[in-house]
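Structural characterization, general
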Amino acid sequence: MPNVLTVRGLKKSYGTQVAVAGVDFDVRAGEVFALIGPNGAGKTTTLRIIATLLTATSGDIKFLDQDLCKDPDFVREKISYLPEEAGAYKDMKGLDYLRFMANFYARTAEEEKTFVDRAVAITELGDRLATKVGTYSKGMTRKLLLARSLMTKPTLAILDEPTSGLDVLNALEVREIVRRYVKEGTSVLLSSHNMLEIEFLSDRVALINKGLILDSGTPAELKDKHGAKNLEEVFRSSLR
Amino acid sequence: MKKFANLLKKEIKELVNKQLVFTLLFMVVFYNFIGQVSKKEIQKIVGVQTISALDEDGSGGSQALLKGLESARFKILDQSGKTKEQAIEAAKANDSKLLLVIPKGFGESLTAFKPSEIETYSFMRTFSIIGTRGQIVVDGVVSALNNALSNNFLKEKLPGFDPQAVKNPIKSKDFVVVRDHVAQGSATQVAGLMSQQSMLIPIVLMMIIIYSSQMVISAVAMEKQNKTLETLLTVPIKRTSIITAKMLAAGLVGLISAGVYMFAFKGFVGGMTGEVAKAGAQAGGGALMRQLGLTFNTTGYIVLGLALFLAILVALALAMILGVLAEDFRSAQTMIMPLIFLVMIPYFISLFADMNTLSLPAKILILVIPFSHPFLVSQNLYLGNWGMIAFGLGYMAVIFVVLTVIAARIFSTDKILTMKLRLGKKKPATV
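Residues numbered from 1 in each chain as written. Chains lettered and ligands numbered in written order. Predicted model: local features only at pLDDT ≥ 70, side-chain atom pairs only at ≥ 80, totals over all residues.

Some thoughts on the overall build of chain B
Secondary structure assignment for chain B yields 18 helices and six strands. Evaluated residue by residue, chain B yields a buried proportion of 30% over its 431 residues. (Helix = DSSP H or I, 4+ residues; strand = E, 2+ residues; numbered from the N terminus. Buried ≥ 20, exposed ≤ 12 C-beta atoms within 10 Å, placed from the backbone.)

What follows is the structure in structure tokens.
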């Protein structure tokens, strides 16, 4: 499988504080690649750089063989980013929010309708989409935002803690939606500190701590390599 | 363009919410109400008022005084035949504003050209200006009578002399010179008319700047507070379009809000002054201002409009930067303060000081503040200082470009997410 994203020697510092100390990884077409690690490991900073929100201090990032830093507008057309603590415009109705976001990506009215219809199907919110976002529960808002990030079938969906703050049932639904869209061709780069979620969702995993990647591979490879029963044990073993 | 229109529509919809519409409607109704109340009170002042008079003299002189008051739109309730105490009680009971007591011998003293006394008792039932009006008019009538009587005296004693020339041997004929225009009138009158004529400029400027800037700052701060900014920054639209859409929306809504405010304010002021009084004041003054070339022609209005427009653009660009510094809606409210100060300083200086007589440091301070220039432009237009006008407009344009470049730079870099003005504890950056 060709690489959608290639990251080499990525570093990011805020003054003297080093957030990312030099990471290398690839995301292949049609796979879910996960960055796992504790809070403050550098996951969000890495995702924000790839989402064109932050600029790297040094390193090389190629998206579809193009330099990500040189042409961020090209990248923004083909990716979608779901931040961990994302919100939607509270005074907008759910459906209006989806239309508003679809308008940025669609070239024609038909394409916009296709995007919105797809998003409506993902949310499964039905009539509630005709009400204001401010009245939604956290789970409903998260589904709306996930639908927003997947409705265009982006080449790369960057999902930061996609099930953060959701109850078990909502989290399960979100994972199923992500898997479904990967089958339809979208590549996913996600971050989480929920190792069980990662094991269910990801094709390949990178363990990150203090801005450095400790190990990477498929969950099965990593478990074999570290003689561990699950990714939590793999992570503990990698730290040693 | 489609994406920009989409964003602009969203920004305008966010700004024009129920709270804004309610606030503007309330303002119109409130100011109109206050204006109407003031109008009625003023009508009461200029309308017929009732006073009581106790004429103990009954001479031709006392009758002339009472007739003079009647011609000054007073309804006089005659208290003749009563004692002073009875007349006071009667006046109190019949809602008279004032009791005028003309003592015995008043007319005789007048004809003998001896000092004559009258007594007035003002009933202060209210401490508004209505309560003092009776006293003021009586003073006016007494003064007119004094004038007439002294004229008669002078005519009798100095036949062949004009009593006015005897009383006021020096007459002052005042002229005002502005550049190459000369007109008859007093400098005080011209200064008064000038301040009346340009009173609206600072008010309009302040209202638009405050409304629009607050909207821009809040628009950016709300994106941060609602956690929508990161998503917006990753959609395929140029960062400069995001800035422009926010500034344009705030500018438009701010302009409309300021327009509504001015309309409401006009209703309030209109009620206070009254259309008739305004027309009267403007008739004589307008001719004097025209003679002195102190009115704007079409070019003047265009230049003034351009100055106001540039000041608004500068405020919006500055507000955009301040909005980035705000962490949430609450802190956005305090971010508007530096902008308000920057507008207030030139406003007050233009009210109380003359730019030309200020010390050099104060002059530099004023010229550095971009919001000083619309005030200075209006003054310089009157005085024909086109060099200063061009400097002011150019300076504001440069400041706008610099601030916009800074705002665009902030929006295009990490700073949009990392730049914060924290007045409390420092939080570590999210990694």
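Observations regarding the confidence of the model for chain B
All names here are of chain B. With 87% of its residues at a pLDDT of 70 or more, chain B has an overall mean of 80. Mean pLDDT values over the elements of chain B span from 60, in helix α12 (residues 275–291), up to 92, in helix α17 (residues 386–412). Throughout residues 275–280 the model reports pLDDT below 50, and contacts reaching past four residues in sequence, or to other chains, amount to two contacts. A low-confidence stretch, residues 424–431 stays under pLDDT 50, and its non-local contacts, those more than four residues away or across chains, total nine contacts. For this predicted complex, the interface score ipTM comes out at 0.90, alongside a pTM of 0.73. (pLDDT = per-residue confidence, 0-100. Contact = placed C-beta atoms within 7 Å.)

Some details on the interface of chain A and chain B
At the interface, 29 residues of chain A touch 22 residues of chain B. At the level of secondary structure, the elements contributing two or more residues to the side of chain A that touches chain B comprise β2 (17–28), α1 (43–50), α2 (72–78) and α3 (94–105) of chain A. No other element matches α3(A), which puts five residues into the side of chain A that touches chain B.

Considering α3(A)
The terminal C-alpha atoms of α3(A) lie 18 Å apart, and with twelve residues this matches the ideal 16 Å at 1.5 Å per residue to within 8%. Most of α3(A) sits out of view: nine of its twelve residues are buried. Those residues of α3(A) not exposed but buried are Gly94(A), Tyr97(A), Leu98(A), Phe100(A), Met101(A), Ala102(A), Asn103(A), Phe104(A) and Tyr105(A). Close packing links the buried residues of α3(A) with α4 (109–123) and α5 (138–150) of chain A together with α1 (2–15) of chain B. (Expected span 1.5 Å × (residues − 1).)

Focus: the nonpolar core
Counting residues in each nonpolar core, the largest one holds 139 residues, and the members touching the most others are Ile158(A) and Val314(B). Among all residues touching Val314(B), those that are not within four sequence positions of it are Pro370(B), Met396(B), Ile399(B), Phe400(B) and Leu403(B). Among the nonpolar cores identified, the runner-up in size contains 16 residues, and Ala53(B), Ala87(B), Leu99(B) and Leu110(B) belong to it. (Core = buried A, V, L, I, M, F, W, Y, C linked by C-beta atoms within 7 Å.)

Some details on the packing of helix α16 (residues 372–383) of chain B against α17(B)
A packed helix pair is summarised by two numbers, namely the angle formed by the two axes and the spacing between the axes. Residue and element names in this part refer to chain B. The contact between α16 and α17 brings their axes to 9 Å, and the two run at 160°. When the axes of α16 and α17 are compared, the pair comes out roughly antiparallel. For the element pair α16 and α17, the recorded crossing hand is left-handed. Residues His 373, Leu 376, Val 377, Asn 380 and Leu 381 of α16 form the contact with α17, whose participating residues are Met 388, Ile 389, Gly 392, Tyr 395 and Met 396. A breakdown of the residues in the contact of α16 with α17 according to their chemical character gives seven nonpolar, three polar and no charged. (Axes fitted to C-alpha atoms, helices over the stretch in contact; angles between N-to-C directions. Parallel < 35°, antiparallel > 145°, perpendicular 65-115°, else oblique. Left-handed = near helix turned anticlockwise from the far one by under 90°. Nonpolar A, V, L, I, M, F, W, Y, C, P; charged D, E, K, R; others polar.)

What about the pairing of strand β7 (residues 156–160) of chain A?
Residue and element names in this part refer to chain A. Counting buried residues along β7, five of its five residues qualify, which places the element largely inside the surrounding structure. Going residue by residue along β7, you find Leu 156, Ile 158 and Asp 160 tucked away on one face and Ala 157 and Leu 159 tucked away on the opposite face as well. Across four bridges, the pairing between strand β6 (residues 79–82) and β7 is parallel. Bridging from a neighbouring strand, Ile 79 pairs with Leu 156 of β7. One ladder, built from five bridges, connects β7 with strand β8 (residues 187–192); its direction is parallel. Bridging from a neighbouring strand, Leu 159 pairs with Leu 190 of β8. (Pairing = 2+ DSSP bridges.)

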